[in-house]
Amino acid sequence: MEIRLLHGAAIAPYIDDLARLRLTLFREFPYLLDSTLSHQADYLASYAESGRSLVVLALDGSQVVGAATGMPLVDVDSELQQPFLAQGRDPASVYYFGESVLLPAYRGQGLGVRFFIERESYAHKLAEFDACAFCAVERPSGHPRRPADYKPLQGFWRNRGFLHEPSLRTAYHWRDLDEQAQSAKIMSFWLKALPA
């Protein structure tokens, strides 16, 4: 297993691999995302365009089996900045963690923890940010597509020092696997203060 840390334009050669991972893994509950490879690649292009972005890439030989992304909140979609602006918080002080995706066969080996450590370390090294944050979709516990063996990640996030901030909410639009059209999904943020 190899871990590579990529920034800015160095991410571009891996966008298709990352898009395939997102397309595969975000079909799982709770995201249930119905999308296309080209749409996912378009979304990921913003990481290659940001000078302060990070992709933590997990490779098994030449195969990309997992990845975690991050970049300044000011470089992401306005929907993700809006909850901070609405509360008078400066998005420029926050380093945003995007996806953290890993093929099932590679889970339980500490890679998820490594993804968080690498992103936090990079955000701290930049010395421009007060906090790291990510957002997660909110689904009702009785959702009809929730698998019986589904394990929520809130405990893992708390163990990494992140606190849920339910007042920081936004709506993001995508099409679920069983939907004919896009609909709004409620996303709420988790935050962790960075050491001074």
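Everything quoted here is computed from the prediction, not taken from an experiment.

Notes on the sheet that holds strand β1 (residues 2-6)
Inference 1: Reading across from one edge, β1-β2-β3-β4-β5-β7-β6 is the order of the seven strands in this open sheet, with mixed pairing throughout. The open sheet is flanked by β1 and β6 (163-174), the only strands paired with a single partner. On average, each strand axis in the sheet is tilted by 25 degrees relative to the strand beside it, whichever way the strands run.
Inference 2: In terms of strand pairing, β6 meets strand β7 (residues 183-193) through nine bridges, oriented antiparallel. Each bridged residue has a counterpart across the sheet, and for H164 the counterpart in β7 is W190.
Inference 3: Sheet strands touched by helix α3 (residues 78-86): β4 (94-102), β5 (131-137), β6 and β7. Its angle to β6, the strand with the most contacts, is close to 145 degrees.

Focus on the UniProt feature "domain: N-acetyltransferase" (unreviewed entry) in the protein chain
Inference 1: Mapped onto this numbering, the UniProt entry annotates "domain: N-acetyltransferase" (unreviewed entry) at residues 1-192.
Inference 2: In the segment residues 1-192, helix accounts for 29% and strand for 31%; the C-alpha atoms at its two ends are 28 Å apart.

What about helix α1 (residues 15-25)?
The periodicity of an α-helix, 3.6 residues per turn, causes residues three or four positions apart to be oriented the same way.
Inference 1: Along α1, the residues classified as buried are I15, L18, A19, L21, R22 and L25. In a view along the axis of α1, the buried residues occupy a sector of 160 degrees, so they form one face of it.
Inference 2: Where the residues of α1 are buried, they touch α2 (37-49), β2 (54-60), β3 (63-72) and β4.

With respect to the state of the cysteines
Inference 1: For the structure on display, the rule yields zero disulfides.
Inference 2: Free cysteine: C132, not disulfide-bonded; nearest cysteine sulfur from C135 at 14 Å.
Inference 3: You can call C132 buried: its relative accessible area is 1%.
Inference 4: With a relative accessible area of 9%, C135 lands in the buried category.

Details of unusual backbone geometry
Inference 1: Looking along the chain, the bond that leaves F29 and enters P30 is cis, with omega of 15 degrees.
Inference 2: Mapped onto the elements, P30 comes out in the loop between α1 and α2.
Inference 3: Its identity as a non-glycine residue notwithstanding, L32 has a phi of 55 degrees, on the positive side.
Inference 4: Structurally, the position occupied by L32 is in the loop between α1 and α2.
Inference 5: One non-glycine residue, A127, adopts positive backbone phi at about 55 degrees.
Inference 6: In this structure, A127 sits in the loop between α4 (111-126) and β5.

Examining the side chain of Q40
Inference 1: As for its placement among the helices and strands, Q40 is situated in helix α2.
Inference 2: Overall, Q40 belongs to the buried group, its relative accessible area being 2%.
Inference 3: In this structure the side chain of Q40 is engaged in a polar contact, spanning 2.4 Å, whose partner is the side chain of R22.
Inference 4: Among all residues touching Q40, those that are not within four sequence positions of it are A19, R22, L23, L33 and S35.

About the thresholds
Residues numbered from 1 in each chain as written. Predicted model: local features only at pLDDT ≥ 70, side-chain atom pairs only at ≥ 80, totals over all residues. Heavy atoms only, no water. Pairing = 2+ DSSP bridges. Helix = DSSP H or I, 4+ residues; strand = E, 2+ residues; numbered from the N terminus. Axes fitted to C-alpha atoms, helices over the stretch in contact; angles between N-to-C directions. Contact = heavy atoms within 4.5 Å. UniProt positions renumbered as here; feature names shortened; annotations may be inferred. Buried < 20%, exposed > 50% of the residue type's maximum accessible area, 1.4 Å probe, protein only. Arc of directions from axis to C-beta. Disulfide = S-S within 2.5 Å. Polar contact = N/O pair within 3.5 Å; in protein donor to acceptor, adjacent residues only side chain to side chain.

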